[in-house]
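Residues per chain, in single letters:
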Amino acid sequence: MIKRNPNLNLLKTSYLFPEVTARRKQFLAKRPGAQILSLGIGDTTEPLSPLVVEALAMAAKRLGSMEGYIGYGPEQGIEPLRKKIASVFYDGRIAPEEIFISDGAKCDIGRLQVLFGGDLSVAIQNPAYPVYIDGSLIQGIRNIHMMCCSPENGFFPDLHALERTDLIYFCSPNNPTGAAASRSQLEALVSFARENRSLILFDAAYASYIRDSALPKSIYEIPGAKEVAIEINSFSKLAGFTGVRLGWTVVPETLKYQDGASIQSDWNRIYTTLFNGASILSQYGGLAALEKNGLEESERLTHFYLENARLIKAALQSLDIEVYGGDNAPYLWAHFPGRRSWDIFQELLEKTEIVSTPGSGFGSAGEGFLRFTAFGKRDHILSAIQRLRTIKSEKGSSFKFAMV
Ligand code: PGU
(Lines give C-alpha, C1' and ligand atoms only; values in the text may rest on other atoms or scores of the structure.)
Protein backbone atom coordinates (compact mmCIF):
# COMPACT_ATOMS: atom_id res chain seq x y z
CA MET A 1 0.00 0.00 0.00
CA ILE A 2 0.95 3.64 -0.36
CA LYS A 3 3.10 5.20 2.39
CA ARG A 4 1.80 8.09 4.46
CA ASN A 5 3.23 11.54 3.78
CA PRO A 6 5.67 11.70 6.75
CA ASN A 7 4.94 15.41 7.21
CA LEU A 8 1.42 14.47 8.31
CA ASN A 9 2.93 12.64 11.29
CA LEU A 10 3.99 16.04 12.61
CA LEU A 11 0.40 17.25 12.98
CA LYS A 12 -1.74 16.79 16.03
CA THR A 13 -4.46 14.22 15.33
CA SER A 14 -7.11 16.80 14.54
CA TYR A 15 -7.37 20.44 13.59
CA LEU A 16 -8.35 22.67 16.54
CA PHE A 17 -11.99 23.35 15.70
CA PRO A 18 -13.05 19.72 15.05
CA GLU A 19 -11.42 18.94 18.41
CA VAL A 20 -13.62 21.56 20.09
CA THR A 21 -16.66 20.03 18.33
CA ALA A 22 -15.65 16.56 19.59
CA ARG A 23 -15.49 17.86 23.18
CA ARG A 24 -18.91 19.41 22.75
CA LYS A 25 -20.31 16.08 21.50
CA GLN A 26 -18.74 14.20 24.42
CA PHE A 27 -20.37 16.68 26.78
CA LEU A 28 -23.77 16.30 25.08
CA ALA A 29 -23.50 12.53 25.39
CA LYS A 30 -23.03 12.99 29.14
CA ARG A 31 -25.71 15.68 29.48
CA PRO A 32 -28.19 15.06 26.62
CA GLY A 33 -30.53 17.97 27.38
CA ALA A 34 -27.76 20.60 27.50
CA GLN A 35 -28.58 23.91 25.77
CA ILE A 36 -25.16 24.68 24.43
CA LEU A 37 -24.27 28.22 23.40
CA SER A 38 -21.27 28.45 21.12
CA LEU A 39 -18.75 31.25 21.48
CA GLY A 40 -16.22 28.95 19.85
CA ILE A 41 -15.52 29.00 16.12
CA GLY A 42 -15.46 32.39 14.43
CA ASP A 43 -18.36 31.90 12.05
CA THR A 44 -20.79 34.59 10.94
CA THR A 45 -24.48 34.30 11.82
CA GLU A 46 -26.25 37.35 10.31
CA PRO A 47 -27.99 37.04 6.93
CA LEU A 48 -26.42 38.43 3.78
CA SER A 49 -27.41 41.95 2.85
CA PRO A 50 -30.36 42.18 0.39
CA LEU A 51 -28.03 43.85 -2.14
CA VAL A 52 -25.71 40.86 -2.12
CA VAL A 53 -28.62 38.41 -2.29
CA GLU A 54 -30.00 40.24 -5.31
CA ALA A 55 -26.63 40.22 -7.05
CA LEU A 56 -26.22 36.50 -6.37
CA ALA A 57 -29.70 35.77 -7.68
CA MET A 58 -29.17 37.89 -10.80
CA ALA A 59 -25.85 36.21 -11.52
CA ALA A 60 -27.51 32.80 -11.16
CA LYS A 61 -30.30 33.88 -13.50
CA ARG A 62 -27.83 35.05 -16.13
CA LEU A 63 -26.16 31.65 -16.03
CA GLY A 64 -29.55 30.16 -16.88
CA SER A 65 -29.73 31.91 -20.23
CA MET A 66 -27.96 31.13 -23.50
CA GLU A 67 -26.56 34.68 -23.80
CA GLY A 68 -25.63 35.06 -20.14
CA TYR A 69 -24.04 31.67 -19.59
CA ILE A 70 -20.33 31.58 -18.80
CA GLY A 71 -18.13 28.64 -17.92
CA TYR A 72 -14.64 28.88 -16.44
CA GLY A 73 -13.70 32.45 -15.69
CA PRO A 74 -10.22 33.88 -15.43
CA GLU A 75 -8.35 32.06 -12.61
CA GLN A 76 -7.28 35.43 -11.17
CA GLY A 77 -10.88 36.65 -10.92
CA ILE A 78 -13.17 38.90 -12.94
CA GLU A 79 -11.70 42.25 -13.85
CA PRO A 80 -14.44 44.48 -12.38
CA LEU A 81 -13.92 42.87 -8.97
CA ARG A 82 -10.14 43.20 -9.09
CA LYS A 83 -10.56 46.87 -10.04
CA LYS A 84 -13.12 47.47 -7.32
CA ILE A 85 -10.93 45.92 -4.61
CA ALA A 86 -7.98 48.01 -5.79
CA SER A 87 -9.98 51.22 -5.50
CA VAL A 88 -11.99 50.46 -2.32
CA PHE A 89 -9.18 49.03 -0.17
CA TYR A 90 -5.92 50.25 -1.63
CA ASP A 91 -6.49 53.79 -2.74
CA GLY A 92 -4.34 53.46 -5.86
CA ARG A 93 -1.41 51.81 -4.05
CA ILE A 94 -2.15 48.43 -5.61
CA ALA A 95 -2.97 47.73 -9.28
CA PRO A 96 -5.87 45.41 -10.19
CA GLU A 97 -3.33 43.04 -11.80
CA GLU A 98 -1.70 42.57 -8.39
CA ILE A 99 -4.97 41.30 -6.90
CA PHE A 100 -5.86 37.61 -7.16
CA ILE A 101 -9.44 36.68 -6.29
CA SER A 102 -9.71 33.52 -4.20
CA ASP A 103 -12.30 31.24 -2.65
CA GLY A 104 -11.27 32.51 0.79
CA ALA A 105 -8.24 33.41 2.85
CA LYS A 106 -7.67 29.93 4.28
CA CYS A 107 -7.49 28.38 0.81
CA ASP A 108 -4.97 30.98 -0.37
CA ILE A 109 -2.81 30.55 2.73
CA GLY A 110 -2.61 26.88 1.69
CA ARG A 111 -1.72 27.70 -1.92
CA LEU A 112 0.93 30.21 -0.78
CA GLN A 113 2.47 27.45 1.30
CA VAL A 114 2.70 25.31 -1.83
CA LEU A 115 4.41 28.21 -3.62
CA PHE A 116 7.20 28.40 -1.06
CA GLY A 117 7.65 24.67 -0.37
CA GLY A 118 9.42 23.10 2.59
CA ASP A 119 13.02 24.22 2.39
CA LEU A 120 12.83 27.53 4.21
CA SER A 121 12.57 29.11 7.64
CA VAL A 122 9.41 30.74 8.95
CA ALA A 123 8.43 32.90 11.90
CA ILE A 124 4.91 32.58 13.30
CA GLN A 125 3.16 34.53 16.05
CA ASN A 126 2.52 32.54 19.20
CA PRO A 127 -0.46 32.29 19.59
CA ALA A 128 -1.69 32.25 15.96
CA TYR A 129 -4.38 30.99 13.60
CA PRO A 130 -3.43 27.27 13.44
CA VAL A 131 -3.33 27.11 9.63
CA TYR A 132 0.06 28.88 9.50
CA ILE A 133 1.84 26.25 11.54
CA ASP A 134 -0.12 23.19 10.40
CA GLY A 135 0.20 24.21 6.74
CA SER A 136 3.95 24.79 7.21
CA LEU A 137 4.35 21.36 8.78
CA ILE A 138 2.43 19.76 5.92
CA GLN A 139 4.96 21.35 3.54
CA GLY A 140 7.75 19.73 5.55
CA ILE A 141 9.06 22.98 7.04
CA ARG A 142 11.12 22.16 10.14
CA ASN A 143 12.72 25.52 10.72
CA ILE A 144 9.90 27.31 12.55
CA HIS A 145 10.51 30.19 14.97
CA MET A 146 7.77 31.25 17.33
CA MET A 147 7.24 34.95 18.02
CA CYS A 148 5.75 35.23 21.49
CA CYS A 149 2.84 37.70 21.62
CA SER A 150 1.60 38.15 25.17
CA PRO A 151 0.07 40.88 27.33
CA GLU A 152 3.64 41.61 28.56
CA ASN A 153 4.84 42.73 25.11
CA GLY A 154 1.52 44.26 24.04
CA PHE A 155 0.99 41.27 21.71
CA PHE A 156 3.80 42.45 19.44
CA PRO A 157 6.96 40.33 19.16
CA ASP A 158 10.36 41.53 20.29
CA LEU A 159 11.94 41.89 16.84
CA HIS A 160 15.44 42.41 18.30
CA ALA A 161 15.32 38.93 19.79
CA LEU A 162 14.12 37.40 16.55
CA GLU A 163 16.36 35.41 14.24
CA ARG A 164 16.12 36.07 10.53
CA THR A 165 13.63 33.84 8.69
CA ASP A 166 12.61 33.62 5.04
CA LEU A 167 8.90 34.02 5.78
CA ILE A 168 7.09 35.89 8.54
CA TYR A 169 3.40 35.23 9.14
CA PHE A 170 1.68 38.20 10.69
CA CYS A 171 -2.04 38.57 11.39
CA SER A 172 -3.54 41.93 12.35
CA PRO A 173 -6.16 42.44 13.73
CA ASN A 174 -5.10 39.24 15.34
CA ASN A 175 -6.83 35.95 15.70
CA PRO A 176 -6.91 34.89 18.53
CA THR A 177 -5.70 37.79 20.73
CA GLY A 178 -7.81 40.54 19.16
CA ALA A 179 -4.76 42.84 19.13
CA ALA A 180 -4.43 45.24 16.19
CA ALA A 181 -0.87 46.38 15.40
CA SER A 182 -0.17 50.11 15.43
CA ARG A 183 1.40 52.00 12.55
CA SER A 184 4.78 52.18 14.31
CA GLN A 185 4.70 48.45 15.04
CA LEU A 186 4.00 47.65 11.41
CA GLU A 187 6.70 50.10 10.33
CA ALA A 188 9.13 48.18 12.57
CA LEU A 189 7.96 44.89 11.06
CA VAL A 190 8.41 46.12 7.48
CA SER A 191 11.86 47.54 8.16
CA PHE A 192 12.83 44.27 9.92
CA ALA A 193 11.72 42.34 6.82
CA ARG A 194 13.58 44.72 4.49
CA GLU A 195 16.82 44.49 6.49
CA ASN A 196 16.60 40.70 6.59
CA ARG A 197 15.20 40.26 3.08
CA SER A 198 12.31 38.29 4.56
CA LEU A 199 8.84 38.04 3.07
CA ILE A 200 5.81 38.92 5.23
CA LEU A 201 2.55 37.00 4.72
CA PHE A 202 0.12 39.52 6.17
CA ASP A 203 -3.31 38.15 7.04
CA ALA A 204 -5.77 41.06 7.13
CA ALA A 205 -8.94 38.94 7.30
CA TYR A 206 -10.32 41.13 10.12
CA ALA A 207 -9.24 44.55 8.79
CA SER A 208 -12.87 45.68 8.46
CA TYR A 209 -13.19 45.49 12.27
CA ILE A 210 -10.67 48.28 12.84
CA ARG A 211 -12.44 51.28 14.33
CA ASP A 212 -9.44 53.27 15.54
CA SER A 213 -8.61 55.42 12.52
CA ALA A 214 -4.92 55.60 13.54
CA LEU A 215 -4.50 51.85 12.94
CA PRO A 216 -3.48 50.67 9.45
CA LYS A 217 -5.97 48.39 7.70
CA SER A 218 -3.44 47.14 5.18
CA ILE A 219 0.28 46.44 5.33
CA TYR A 220 0.61 48.53 2.15
CA GLU A 221 -0.15 51.66 4.16
CA ILE A 222 3.43 51.23 5.36
CA PRO A 223 6.02 52.65 2.95
CA GLY A 224 8.31 49.95 1.57
CA ALA A 225 5.85 47.11 2.20
CA LYS A 226 5.28 46.46 -1.50
CA GLU A 227 8.77 44.97 -1.78
CA VAL A 228 8.40 42.63 1.21
CA ALA A 229 4.75 41.71 1.78
CA ILE A 230 1.91 39.62 0.43
CA GLU A 231 -1.51 40.45 1.88
CA ILE A 232 -4.34 37.95 2.29
CA ASN A 233 -7.90 39.13 2.83
CA SER A 234 -11.44 37.82 2.77
CA PHE A 235 -15.12 38.65 2.33
CA SER A 236 -15.94 36.14 5.09
CA LYS A 237 -16.02 38.50 8.04
CA LEU A 238 -16.38 41.67 5.97
CA ALA A 239 -19.70 40.72 4.39
CA GLY A 240 -20.73 37.39 5.94
CA PHE A 241 -19.30 35.25 3.12
CA THR A 242 -18.04 32.36 5.28
CA GLY A 243 -20.36 30.01 3.37
CA VAL A 244 -20.46 31.90 0.06
CA ARG A 245 -16.62 31.80 -0.11
CA LEU A 246 -14.64 34.71 -1.52
CA GLY A 247 -11.33 36.36 -0.71
CA TRP A 248 -8.29 37.91 -2.33
CA THR A 249 -4.54 37.98 -2.13
CA VAL A 250 -2.30 40.84 -3.14
CA VAL A 251 1.00 39.84 -4.70
CA PRO A 252 2.72 43.07 -5.77
CA GLU A 253 4.67 43.15 -8.97
CA THR A 254 7.63 44.60 -7.04
CA LEU A 255 8.11 41.40 -4.98
CA LYS A 256 11.23 39.58 -6.08
CA TYR A 257 13.17 36.49 -5.13
CA GLN A 258 16.85 36.69 -4.12
CA ASP A 259 17.87 36.33 -7.78
CA GLY A 260 15.55 39.13 -8.91
CA ALA A 261 12.91 36.84 -10.45
CA SER A 262 9.24 37.75 -10.03
CA ILE A 263 7.26 36.15 -7.20
CA GLN A 264 4.06 37.32 -8.86
CA SER A 265 4.71 35.32 -12.00
CA ASP A 266 5.27 32.13 -9.95
CA TRP A 267 2.12 32.86 -7.98
CA ASN A 268 0.25 33.20 -11.25
CA ARG A 269 1.70 29.82 -12.31
CA ILE A 270 0.63 28.12 -9.06
CA TYR A 271 -2.76 29.82 -9.19
CA THR A 272 -3.56 28.84 -12.75
CA THR A 273 -2.31 25.30 -12.09
CA LEU A 274 -4.02 24.52 -8.79
CA PHE A 275 -7.09 26.75 -8.93
CA ASN A 276 -9.83 27.38 -11.47
CA GLY A 277 -11.10 30.65 -10.07
CA ALA A 278 -13.62 31.58 -7.40
CA SER A 279 -17.28 30.88 -8.09
CA ILE A 280 -18.65 33.40 -10.57
CA LEU A 281 -21.71 33.81 -8.34
CA SER A 282 -19.59 34.69 -5.29
CA GLN A 283 -17.65 37.19 -7.34
CA TYR A 284 -20.79 39.06 -8.40
CA GLY A 285 -21.99 38.93 -4.81
CA GLY A 286 -18.64 40.38 -3.71
CA LEU A 287 -18.87 43.14 -6.29
CA ALA A 288 -22.26 44.19 -4.88
CA ALA A 289 -20.84 44.14 -1.35
CA LEU A 290 -18.26 46.73 -2.43
CA GLU A 291 -20.75 49.19 -3.96
CA LYS A 292 -21.43 52.24 -1.80
CA ASN A 293 -24.61 50.76 -0.25
CA GLY A 294 -22.95 47.39 0.14
CA LEU A 295 -20.09 48.93 2.09
CA GLU A 296 -22.60 50.68 4.36
CA GLU A 297 -24.27 47.31 4.99
CA SER A 298 -20.88 45.77 5.80
CA GLU A 299 -20.14 48.55 8.22
CA ARG A 300 -23.43 47.82 9.98
CA LEU A 301 -22.58 44.12 10.08
CA THR A 302 -19.13 44.57 11.58
CA HIS A 303 -20.58 47.08 14.02
CA PHE A 304 -23.14 44.48 15.13
CA TYR A 305 -20.45 41.90 15.87
CA LEU A 306 -18.28 44.48 17.62
CA GLU A 307 -21.26 45.29 19.83
CA ASN A 308 -21.45 41.56 20.68
CA ALA A 309 -17.76 41.77 21.58
CA ARG A 310 -18.41 44.72 23.87
CA LEU A 311 -21.25 42.87 25.65
CA ILE A 312 -19.23 39.68 26.20
CA LYS A 313 -16.17 41.63 27.29
CA ALA A 314 -18.15 43.54 29.93
CA ALA A 315 -19.69 40.31 31.25
CA LEU A 316 -16.28 38.62 31.55
CA GLN A 317 -14.75 41.68 33.15
CA SER A 318 -17.53 41.76 35.73
CA LEU A 319 -16.20 38.34 36.79
CA ASP A 320 -12.79 39.94 37.38
CA ILE A 321 -11.34 38.26 34.32
CA GLU A 322 -8.58 40.05 32.42
CA VAL A 323 -9.85 40.40 28.84
CA TYR A 324 -7.99 41.64 25.76
CA GLY A 325 -9.19 42.46 22.23
CA GLY A 326 -12.72 43.11 21.03
CA ASP A 327 -12.25 46.83 20.22
CA ASN A 328 -10.80 46.51 16.71
CA ALA A 329 -11.30 42.78 16.29
CA PRO A 330 -14.14 40.26 16.70
CA TYR A 331 -12.26 38.12 19.25
CA LEU A 332 -11.80 38.34 23.01
CA TRP A 333 -8.79 36.84 24.68
CA ALA A 334 -9.51 36.06 28.32
CA HIS A 335 -6.80 35.19 30.83
CA PHE A 336 -7.21 32.58 33.56
CA PRO A 337 -3.86 32.64 35.36
CA GLY A 338 -2.69 29.33 36.77
CA ARG A 339 -5.20 27.28 34.78
CA ARG A 340 -4.77 25.09 31.72
CA SER A 341 -6.89 26.16 28.75
CA TRP A 342 -8.62 22.81 28.19
CA ASP A 343 -9.45 22.55 31.93
CA ILE A 344 -11.01 25.99 32.06
CA PHE A 345 -12.79 25.29 28.74
CA GLN A 346 -14.30 22.15 30.30
CA GLU A 347 -15.18 23.89 33.54
CA LEU A 348 -16.95 26.72 31.73
CA LEU A 349 -18.80 24.19 29.58
CA GLU A 350 -19.96 22.20 32.60
CA LYS A 351 -20.99 25.23 34.66
CA THR A 352 -22.61 27.34 31.93
CA GLU A 353 -22.95 25.12 28.83
CA ILE A 354 -20.93 27.72 26.91
CA VAL A 355 -18.41 26.54 24.32
CA SER A 356 -15.28 28.67 23.91
CA THR A 357 -11.94 27.91 22.22
CA PRO A 358 -8.98 26.86 24.36
CA GLY A 359 -6.11 29.33 23.93
CA SER A 360 -3.49 26.56 23.92
CA GLY A 361 -4.95 25.38 20.57
CA PHE A 362 -3.39 28.52 19.05
CA GLY A 363 0.08 27.86 20.47
CA SER A 364 1.93 27.40 23.75
CA ALA A 365 1.65 31.13 24.59
CA GLY A 366 -2.14 30.68 24.56
CA GLU A 367 -2.01 28.36 27.57
CA GLY A 368 -4.14 29.79 30.36
CA PHE A 369 -6.36 31.72 27.92
CA LEU A 370 -9.75 31.16 26.31
CA ARG A 371 -10.83 32.79 23.06
CA PHE A 372 -14.43 34.01 22.79
CA THR A 373 -15.85 34.82 19.39
CA ALA A 374 -18.09 37.84 18.90
CA PHE A 375 -19.79 36.17 15.93
CA GLY A 376 -23.20 35.08 17.12
CA LYS A 377 -26.88 35.82 17.13
CA ARG A 378 -27.71 38.58 19.59
CA ASP A 379 -30.16 36.47 21.60
CA HIS A 380 -27.46 33.80 22.00
CA ILE A 381 -24.95 36.38 23.16
CA LEU A 382 -27.45 37.80 25.66
CA SER A 383 -28.23 34.28 26.95
CA ALA A 384 -24.51 33.59 27.32
CA ILE A 385 -24.16 36.78 29.32
CA GLN A 386 -27.06 35.73 31.58
CA ARG A 387 -25.33 32.43 32.19
CA LEU A 388 -22.04 34.15 32.98
CA ARG A 389 -23.94 36.00 35.70
CA THR A 390 -24.68 32.65 37.38
CA ILE A 391 -21.02 32.07 38.14
CA LYS A 392 -18.41 34.03 39.99
CA SER A 393 -14.68 33.85 40.14
CA GLU A 394 -12.80 32.87 43.23
CA LYS A 395 -9.47 34.55 43.38
CA GLY A 396 -6.73 32.38 44.80
CA SER A 397 -3.36 31.22 43.59
CA SER A 398 -5.15 30.10 40.45
CA PHE A 399 -8.37 31.20 38.79
CA LYS A 400 -11.51 29.30 39.72
CA PHE A 401 -15.20 29.52 38.85
CA ALA A 402 -17.88 28.96 41.47
CA MET A 403 -21.66 29.11 41.26
CA VAL A 404 -23.19 32.34 42.56
N1 PGU B 1 -7.46 34.03 8.44
C2 PGU B 1 -7.73 34.13 9.74
C3 PGU B 1 -6.80 34.89 10.61
C4 PGU B 1 -8.88 33.52 10.28
O5 PGU B 1 -9.13 33.63 11.57
C6 PGU B 1 -9.75 32.80 9.44
C7 PGU B 1 -10.97 32.12 9.98
C8 PGU B 1 -9.43 32.74 8.08
C9 PGU B 1 -8.28 33.35 7.61
C10 PGU B 1 -10.30 32.01 7.12
O11 PGU B 1 -10.91 32.90 6.25
P12 PGU B 1 -11.80 32.43 5.02
O13 PGU B 1 -11.72 33.55 4.08
O14 PGU B 1 -13.18 32.16 5.52
O15 PGU B 1 -11.16 31.19 4.46
N16 PGU B 1 -10.89 31.67 11.29
C17 PGU B 1 -12.04 31.15 12.00
C18 PGU B 1 -12.61 29.91 11.34
C19 PGU B 1 -11.82 28.66 11.56
C20 PGU B 1 -11.05 28.16 10.38
O21 PGU B 1 -10.56 27.04 10.48
O22 PGU B 1 -10.87 28.88 9.40
C23 PGU B 1 -11.70 30.94 13.46
O24 PGU B 1 -12.60 30.65 14.25
O25 PGU B 1 -10.53 31.08 13.84
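Just so we're clear, the structure is a prediction, and the values are computed from it rather than from any experiment.

**As for the overall build of the protein chain**
Within the protein chain, the regular secondary structure consists of 12 helices and 15 strands. In terms of overall size, the protein chain behaves like a compact globule, its C-alpha atoms giving a radius of gyration of 22 Å where 404 residues would be expected to give roughly 22 Å. Dimensions of the protein chain, computed from C-alpha atoms along their principal axes, come out at roughly 65 × 55 × 50 Å. For the protein chain, the proportion of its 404 residues judged to be buried stands at 53%. By sequence separation, contacts in the protein chain at least 24 residues apart represent 71% of the contacts at least 6 residues apart. Accessible surface, the protein chain: about 18,000 Å² in total, of which carbon and sulfur atoms supply 52%. Distance from the positive charge centre (43 side chains) to the negative charge centre (43 side chains) of the protein chain: 6 Å.

**Looking at the domain arrangement of the protein chain**
Here the protein chain is partitioned into domain 1 (6-48 + 293-403) and domain 2 (50-292). With centres defined by C-alpha atoms, the gap from domain 1 to domain 2 works out at 26 Å. In this complex, domain 1 contributes 41 residues to the contact, which on the side of domain 2 involves 49 residues. Taken together, the two surfaces of domain 1 and domain 2 that pack against each other cover about 3,600 Å², and 62% of this comes from carbon and sulfur. Sorting the residues of domain 1 by area buried against domain 2 places Tyr15, Leu48 and Asn328 first, and these three jointly supply 21% of that buried surface. Across the domain 1-domain 2 interface, the total number found is one salt bridge.

**Some thoughts on the site of the ligand**
Inspection of the region around the ligand gives 20 residues, with Gly42, Tyr129, Tyr206, Ser234 and Ser236 positioned closest. When the free accessible area of the ligand is taken as 550 Å², the share hidden by the protein chains comes to 93%. Put simply, the parts of the chain that give the shell around the ligand at least two residues each are helix H4 (105-116) and helix H7 (236-239). Two domains each provide a minimum of three residues to the shell around the ligand, namely domain 1 (6-48 + 293-403) and domain 2 (50-292).

Cut-off values and rules
Residues numbered from 1 in each chain as written. Predicted model: local features only at pLDDT ≥ 70, side-chain atom pairs only at ≥ 80, totals over all residues. Heavy atoms only, no water. Helix = DSSP H or I, 4+ residues; strand = E, 2+ residues; numbered from the N terminus. Rg over C-alpha atoms; globule rule 2.2 N^0.38 Å. Buried < 20%, exposed > 50% of the residue type's maximum accessible area, 1.4 Å probe, protein only. Contact = heavy atoms within 4.5 Å. Areas by Shrake-Rupley, 256 points an atom, 1.4 Å probe, with all protein chains shown as cover. Lys, Arg positive; Asp, Glu negative; His and termini not counted. Charge placed at Lys NZ, Arg CZ, Asp CG, Glu CD. Domains from an automatic or database assignment. Buried area = accessible area lost by both parts, 1.4 Å probe. Salt bridge = Lys/Arg side-chain N within 4 Å of Asp/Glu carboxyl O. Near = heavy atom within 4 Å.

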